[in-house]
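Spelled out, the chains give:
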Amino acid sequence: MAEEAIAPWYVHMSSIFDKNARLSIRRQYEIPKEYKIILPTPNDRPHHPPDNCVTFFRDQLIGGLRFPIPPFLIEISRYFDIPLQQFAPNAFRYLCGTYMLFRLRDIPPTPQNFFMFSYPKYSEPGVFLFQSRTKMVLFGDMPSSLKAWKSRFFFLKFPGPIPWSHAWKSFLPPLPDVREFHLLPTFPIYCEKLLGHRLSIPKWLKVELLYLFGLSPVKPDTHISLGN
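Here we summarise the structure given alongside this text. Small disclaimer: the values here were computed from a predicted structure and weren't measured.

### Description of helix H7 (residues 187-194)
Item 1. Listed as buried for H7 are Phe187, Tyr190, Cys191 and Leu194. Taken down its axis, H7 places every buried residue within 105 degrees of arc, on the same side. Opposite the packed face of H7, turned more than 90 degrees from it, sit the exposed residues Pro188 and Glu192.
Item 2. Tucked into the core, H7 has its buried residues touching helix H5 (89-104) and helix H6 (111-117).
Item 3. Just downstream of H7, Gly196 is the residue with a positive phi angle, here 85 degrees.

See below:
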């Protein structure tokens, strides 16, 4: 007898996100008031948000996600046809870190250039990460995902049209090739620019640097030097 299929985590996962968490993330991450945070009920599931809403996870904010969402993240979502809400927290750390590193090394931060160095990786049902194509280690000290991050989800109602495809996708391994891979002529040049350069994610994903690189609209109270 064939084994009964096990339902993916998001079919049975409820949220522990409450009013205190809503108040905390709005203040800590300065989510604009026009973005309405809706608390899930015990019967709500992450893959079935209310009409005109999108599911997000608190730990994605810890990973660098901010509202309004930077164009680079929206372009990546469209390019790979993977909804932003299905990126693991570390996927946002990886994307933000790549964007910063590209900008520092004068590499245009386009999805095409990103795809030359990294590709989307199926992690588990409904969750996606990114994997490096090269042997270069671009990031050090990548934190581990916090336990139970999937249970800290909330719904967000945008003030206008949602600028990417936000329907929950249930890809199963292997991840479909949504883009044909080609190395561009600039690849060796960009490799040389990145060689020997590495970002420490905990040190760089700070509010000051996220603002400085245009990944966050929140202007910090203090000035930070790029010397360290």
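Following the structure, the description resumes.
### Some points on the side chain of Ser15
Item 1. The topology assignment puts Ser15 in the loop between helix H1 (9-12) and helix H2 (19-28).
Item 2. Taking relative accessible area as the criterion, Ser15 reaches 15% and is therefore assigned buried.
Item 3. Within the structure, Ser15 has its side chain in polar contact with the backbone oxygen of Ser151 (distance 3.3 Å).
Item 4. Looking at Ser15, its side chain comes within polar contact range of the main-chain oxygen of Phe153, at 2.6 Å.
Item 5. The contacts of Ser15, once residues within four sequence positions are left out, are Pro40, Ser151, Arg152 and Phe153.

### A word on the sheet that holds strand E6 (residues 153-157)
Item 1. The antiparallel open sheet is built from three strands, whose spatial order is E1-E6-E2. Strand pairing shows two members of the sheet lacking a second neighbour, strand E1 (36-38) and strand E2 (53-57), which therefore form its edges. Between one strand and the next, the sheet's axes are offset by a mean angle of 35 degrees, whatever the strand orientation.
Item 2. Relative to E6, E1 runs antiparallel, the two being bridged by three bridges. Across the sheet, Ile38 pairs through a bridge with Phe155, a residue of E6.

### Re the nonpolar core
Among soluble globular proteins, nonpolar side chains are generally buried collectively.
Item 1. By size, the foremost hydrophobic cluster in this structure holds 60 residues, and its most contacted members are Phe56, Phe67, Ile69, Phe87 and Phe158.
Item 2. It is H5 that provides the largest number of residues to this core, a total of nine residues.
Item 3. With near-sequence residues (within four places) excluded, Phe87 lies in contact with Gln60, Ile76, Ile82, Phe92, Leu95, Phe128 and Phe130.
Item 4. Counting residues in hydrophobic clusters, the runner-up holds ten residues, among them Cys53, Phe153, Phe155 and Trp168.

Parameters and conventions
Residues numbered from 1 in each chain as written. Predicted model: local features only at pLDDT ≥ 70, side-chain atom pairs only at ≥ 80, totals over all residues. Heavy atoms only, no water. Buried < 20%, exposed > 50% of the residue type's maximum accessible area, 1.4 Å probe, protein only. Helix = DSSP H or I, 4+ residues; strand = E, 2+ residues; numbered from the N terminus. Arc of directions from axis to C-beta. Contact = heavy atoms within 4.5 Å. Polar contact = N/O pair within 3.5 Å; in protein donor to acceptor, adjacent residues only side chain to side chain. Pairing = 2+ DSSP bridges. Axes fitted to C-alpha atoms, helices over the stretch in contact; angles between N-to-C directions. Core = buried A, V, L, I, M, F, W, Y, C linked by side-chain atoms within 4.5 Å.

These values are about where atoms sit, not about what they do.
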